[in-house]
Amino acid sequence: MIMRPLIAGNWKMHGDMSWIEKPAQFDTLMPATERGHLDILICPPALFIAPMAASCFETNILLGAQNCHRAESGAHTGEVSAGMVKSAGADFVIVGHSEIRAGGETDEDVATKAMAAAKQGLMPIICVGESLDTRKDGQAESVVSAQIKASVPEGLTDYVLAYEPIWAIGTGMTATADDIKAMHAVIREIVGPNVRILYGGSVKPANAKEILGTENVNGALIGGASLEMESLAAIARAA
Ligand code: 13P
């Protein structure tokens, strides 16, 4: 099945209020007429979602959050709920990023967040990925399979799955095309034909074409190279 590629930028904790201009910059570099075949998504820090909503809407760029809380509301200082993300103007939310899992978030927590997001009409991007030790032990596929089974909530069909090997994030190391192909085939078996599977981990303009051309890769989740609109547009052009 041909799936519409999703090119997703995760800004992590980068930027300031001047960055709310970036969707307009992107649109100048790559107008909507050149990207009718794919989806562009930006996930800025939560504070910038509301001020970016209008320009993302005008430029046909999708907007997402990097995380949300599993509860609808309550005494959770510093947290943001899925409902708040939605009402600020986003349609997507990343859940289970390895940088948040590293703080103790479990697969069950991720599943609860994904469900909370879906209930608010947000599209969850559920992240999984193995550590370098796990890969060296030859356990990458079994660990990622188990993560998916426990992190995708029962009954949820509308979501995006992002495979981000932890050792490839922010390191400049990427999995080989063969490794990506093998892992994405395993993931496809579990998630079925209708879920977009993104690859993430040091995706750059230089490697985008090969990665995005790999079987069962339906897009990319991009950290560092999504901070500059020139490189994000170069990656999008490779899709
Ligand atoms: P980098 O592209 O900076 O390696 O980050 C990947 C990532 O974690 C996206 O969520």
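Reference entry: report on the structure contained in this document.

Procedures and definitions
Along each chain, numbering runs from 1 in the same order as the chain's sequence is written. Selection of residues for local features in this predicted model requires a pLDDT of at least 70, selection of side-chain atom pairs for listing and counting requires 80 or more, and totals for whole chains, interfaces and linings are taken over all residues. Hydrogen atoms and water are omitted, and side-chain values are computed over all heavy atoms in the structure. The secondary structure listing takes helices from DSSP runs of H or I that are at least 4 residues long and strands from runs of E that are at least 2 residues long, numbered from the N terminus. The globule rule used here is 2.2 Å times the number of residues to the 0.38 power, and the radius of gyration it is set against is calculated over C-alpha atoms. Note on exposure labels: buried denotes an accessible area under 20% of the residue type's maximum, exposed denotes more than 50%, and partly exposed covers the range between, all computed with a 1.4 Å probe on protein chains only. Neither His nor the chain ends is counted toward charge; the positive residues are Lys and Arg and the negative residues Asp and Glu. Where a charge sits is defined by one atom per residue type, namely NZ (Lys), CZ (Arg), CG (Asp) or CD (Glu). To be near a molecule or strand, a residue needs just one of its heavy atoms within 4 Å of it. Each polar contact in these results corresponds to two N or O atoms within 3.5 Å; when the atoms are within protein, one needs to be able to donate a hydrogen and the other to accept it, and residues that are neighboring in sequence are counted only if both atoms are side-chain atoms. Accessible areas in this description were obtained via Shrake-Rupley with a 1.4 Å probe; residue shielding takes into account the shown protein chains only. As defined here, a cavity is a set of points on a 1 Å grid over the protein atoms alone where a 1.4 Å probe fits but cannot get out. A pocket is an open set with protein on both sides within 12 Å along at least five of seven lines, and residues line them when an atom is within 4 Å of a point. Being in a pocket or cavity means that more than half of the molecule's atoms lie within 2 Å of its grid points. Three classes are used: nonpolar for Ala, Val, Leu, Ile, Met, Phe, Trp, Tyr, Cys and Pro, charged for Asp, Glu, Lys and Arg, and polar for all others, with Gly counted as polar. Grid points are joined across faces, edges and corners, and a volume is the space filled by probe spheres set on the points. Note on definitions: salt bridges are taken to be side-chain nitrogens of Lys or Arg within 4 Å of carboxyl oxygens of Asp or Glu. Contacts are residue-level and defined by heavy atoms, with any inter-residue pair within 4.5 Å sufficient. Between any two strands, pairing holds if DSSP finds at least two bridges. By definition, the crossover connecting two strands over a helix is right-handed if that path, from the first strand to the second, turns clockwise as seen with the strands pointing away from the viewer. Comment: axis = line fitted to C-alpha atoms, over the contacting stretch for helices; angle = value between 0 and 180 degrees taken between N-to-C directions. Here the angle decides the label: under 35 degrees means roughly parallel, over 145 means roughly antiparallel, 65 to 115 means roughly perpendicular, and every other value means oblique. In this scheme, a crossing is called left-handed if the near helix is turned counterclockwise away from the far one by less than a right angle; it is called right-handed if the turn is clockwise.

**Let's talk about the overall build of the chain**
Right, so step 1: What the chain contains, in helices and strands, is 10 helices and 8 strands.
Right, so step 2: In terms of C-alpha radius of gyration, the chain reaches 17 Å, essentially the compact-globule figure of 18 Å for 239 residues.
Right, so step 3: If one aligns the C-alpha atoms of the chain with their principal axes, the spans along those axes are about 45 × 45 × 30 Å.
Right, so step 4: Relative to its 239 residues, the chain shows a buried fraction of 52%.
Right, so step 5: Within the chain, one finds 18 positive and 28 negative side-chain charges whose respective centroids are separated by 2 Å.

**Concerning the site of the ligand**
Right, so step 1: The immediate surroundings of the ligand are formed by 13 residues, with K12, H97, E164, G170 and S202 found nearest.
Right, so step 2: Within the backbone of S202, a nitrogen or oxygen atom sits 2.8 Å from an oxygen atom of the ligand.
Right, so step 3: Taking G224, its main chain carries an N or O atom lying 2.8 Å from an oxygen atom of the ligand.
Right, so step 4: Against a free-state accessible area of 300 Å², the protein chains account for coverage of 96% of the ligand.
Right, so step 5: The pocket occupied by the ligand, as judged from atoms lying within 2 Å of grid points, is the second largest pocket.
Right, so step 6: For the shell around the ligand, the residue count by class is 4 nonpolar, 7 polar and 2 charged.

**Some thoughts on the layout of surface pockets**
Right, so step 1: Taken as a whole, the largest pocket spans an internal volume of roughly 340 Å³.
Right, so step 2: Considering the residues around the largest pocket, the lining is formed by 17 residues, among which A46, Q66, N67, C68 and I100 are closest to the centre.
Right, so step 3: Its residues assigned to classes, the lining of the largest pocket shows 8 nonpolar, 6 polar and 3 charged.
Right, so step 4: Taken as a whole, the second largest pocket holds about 190 Å³ of empty space.
Right, so step 5: Forming the walls of the second largest pocket are 18 residues, and the residues nearest its centre are K12, G170, I222, G223 and G224.
Right, so step 6: A breakdown of the residues in the lining of the second largest pocket according to their chemical character gives 7 nonpolar, 8 polar and 3 charged.

**Observations concerning the pattern of salt bridges**
Right, so step 1: Taken as a whole, this structure holds 10 salt bridges when the rule is applied.
Right, so step 2: Residue K86 pairs with D91 through a salt bridge whose shortest N-O separation is 2.8 Å.
Right, so step 3: Here K86 falls in the partly exposed class, since its relative accessible area comes to 30%.
Right, so step 4: When its relative accessible area of 33% is taken as the criterion, D91 is described as partly exposed.

**Some details on helix α10 (residues 229-238)**
Right, so step 1: Summarising burial for α10: 7 of the 10 residues are buried, a large majority.
Right, so step 2: Every buried residue of α10 is listed here: M229, S231, L232, A233, I235, A236 and A238.
Right, so step 3: Its buried side turned inward, α10 meets β1 (6-10), α1 (22-29), β2 (39-43), α9 (205-212) and β8 (219-222).

**Concerning the pairing of β2**
Within a regular strand, the side chains alternate between the two sheet faces.
Right, so step 1: Of all 5 residues that make up β2, 5 are buried, and the element is covered over most of its length.
Right, so step 2: Side-chain alternation along β2 places D39, L41 and C43 on one buried face and I40 and I42 on a second face that is also buried.
Right, so step 3: Direction of pairing for β1 relative to β2: parallel, over a ladder of 5 bridges. Within β2, the residue paired with N10 across the bridge is C43.
Right, so step 4: At this point the chain moves from β1, through α1, to the parallel β2, and the crossover so formed is right-handed.
Right, so step 5: Pairing of β2 with strand β3 (residues 62-65), which is carried by 2 bridges, proceeds in the parallel orientation. Paired with I42 across the bridge in β3 is L63.
Right, so step 6: What joins β2 to β3 is helix α2 (residues 49-59), and the crossover it makes is right-handed.

**With respect to the packing of α1 against α10**
Right, so step 1: Closest axis-to-axis distance for the α1/α10 pair is 9 Å, and the angle between their directions is 50 degrees. Classified by the angle their axes make, α1 and α10 are oblique. Note on packing geometry: the crossing formed by α1 with α10 is right-handed. Side by side, α1 and α10 meet where K22, Q25, F26 and L29 of the first sit next to M229, E230, L232, A233, A236 and R237 of the second.
Right, so step 2: Across the contact of α1 with α10, the residue classes break down as 6 nonpolar, 1 polar and 3 charged.

Nothing here speaks to function; it is all geometry.
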